[in-house]
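Reading the structure
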Amino acid sequence: MSLAGKVCLITGAAGGLGSATARRLASEGVRLVLTDVDGDRLAALAKELPQEAVVHAGDVANEADVDAAVAAGVAAFGRIDLHHLNAGIPGPLVRLTELSVEDWDRVIGVNLRGVFLGVRAAFRQYERQGGGGAIVLTASIASLRGSDDLLAYQASKHGVLGLLKGAALYGGPIGVRVNAVAPGIVPTALFGGAGGAPGGGDDMVRRAATSPLRRPGTGEEIASVVAFLLGDGASYVTGEVVSVDGGAAAVSIVRPSGGAGAWDPRPGDVRMHPELA
């Protein structure tokens, strides 16, 4: 009930996680400002929601688009109380040496610059209206762990946690809480473009089976944590990243229960395993 009557801006709202959060918040009486690059999907989402929603098609990496989305929300509702800065892209599944500067810049632009622009716009609006509420960022299990593919995505999501800490310190004295969710494997269209490439969309269920809960998550499960962090039930929580990953972040891969020895060394590891050469 603490969310009823509030206004929340959601970026990446047309995607799997963003749309799940929109539905969850709307069911709790929240009016919404929805932004995404896909205007058609935004419009379709807005029509199905039980609460009033304003849509604004734009790129979170573009400063003018971010400011315009906030302005559209304020024009419609008079204020914005909450922000879920969720937009993100994975980038290509390629080896480090094959990653182009253009792909690196685009991923960092959306996933890190976009979050910065969203956080800054949120605080600027809170100052204009004389108060605010809460901000939730979408981090990732990639914010907490490493891999040798998706390097730009991983770097950007590590950067989101740096933004989280600084924004929480800035917001605390003025009563604005800033937290993040770190989803694990949740089958959405985000990685669908990778198709059958290992680590892409087709093997998500199999990879999720290695987590303690032995299954992938759902958008609704992520949305429920976002709603909690935005609401008054989390009134003494700020600067925190909450893993919503079936326990994957708790796993020690060098222990038997974490899968130690359950994989085959790759050909690229011959430096450490000369017997494979």
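Residues numbered from 1 in each chain as written. Predicted model: local features only at pLDDT ≥ 70, side-chain atom pairs only at ≥ 80, totals over all residues. Heavy atoms only, no water.

**Considering the overall build of the protein**
In terms of regular secondary structure, the protein is built from seven helices and seven strands. When its helices and strands are written in sequence order, the protein yields β-α-β-α-β-α-β-α-β-α-β-α-α-β. Here the protein has roughly 13,300 Å² of accessible surface; of this, 57% comes from carbon and sulfur atoms. (Helix = DSSP H or I, 4+ residues; strand = E, 2+ residues; numbered from the N terminus. Areas by Shrake-Rupley, 256 points an atom, 1.4 Å probe, with all protein chains shown as cover.)

**Points about unusual backbone geometry**
Phi angles above zero are rare outside glycine, and L150 is one such case at about 50 degrees. Checked against the element boundaries, L150 lands in the loop between β5 (134–138) and α5 (151–171).

**Focus: the nonpolar core**
The biggest cluster of nonpolar side chains holds 29 residues, and the ones touching the most others in it are C8, I10, L25, L32, L34, V181 and L230. Secondary-structure elements contributing two or more residues to this core are β1 (7–11), α1 (16–27), β2 (31–36), α2 (39–48), β5 and α7 (219–230). In terms of residue count, α7 provides more of this core than any other element does, six residues in total. Once residues lying within four places of it in the same chain are set aside, the contact partners of I10 are G18, T21, A22, L25, L32, V33, L34, T35 and H84. Residues A139, A168, A180 and A182 belong to the second largest nonpolar core, which totals 19 residues. (Core = buried A, V, L, I, M, F, W, Y, C linked by side-chain atoms within 4.5 Å. Buried < 20%, exposed > 50% of the residue type's maximum accessible area, 1.4 Å probe, protein only. Contact = heavy atoms within 4.5 Å.)

**Focus on the pattern of salt bridges**
The final tally for this structure, using the stated rule, is six salt bridges. Close ionic contact of E63 with R120 constitutes a salt bridge, the shortest N to O distance being 2.5 Å. One end of the pair, E63, is in helix α3 (residues 63–77); the other, R120, is in helix α4 (residues 101–129), with 57 residues separating them in the sequence. For E63, a relative accessible area of 36% gives the class partly exposed. Measuring nitrogen to oxygen at the nearest pair gives 3.6 Å for the salt bridge that ties R95 to E98. (Salt bridge = Lys/Arg side-chain N within 4 Å of Asp/Glu carboxyl O.)

**So, α5**
The end-to-end C-alpha separation of α5 is 30 Å, in line with the 30 Å expected for 21 residues at 1.5 Å each. Here α5 has its buried residues at A152, Y153, Q154, S156, K157, V160, L161, L164, A167, A168 and G171. On its buried face, α5 sits against α4, β5, β6 (177–183) and β7 (241–244). (Expected span 1.5 Å × (residues − 1).)

**Details of the environment of L93**
Here L93 shows up in the loop between β4 (82–85) and α4. Separated by 60 residues in the primary sequence, L93 and Y153 have C-alpha atoms spaced 9.8 Å apart.

**Description of the confidence of the model for the protein**
Overall, the predicted model of the protein reaches an average pLDDT of 88, with 86% of residues at or above 70. A low-confidence stretch, residues 270–277 (pLDDT under 50), is modelled with five contacts involving residues beyond four sequence positions or located in other chains. (pLDDT = per-residue confidence, 0-100.)

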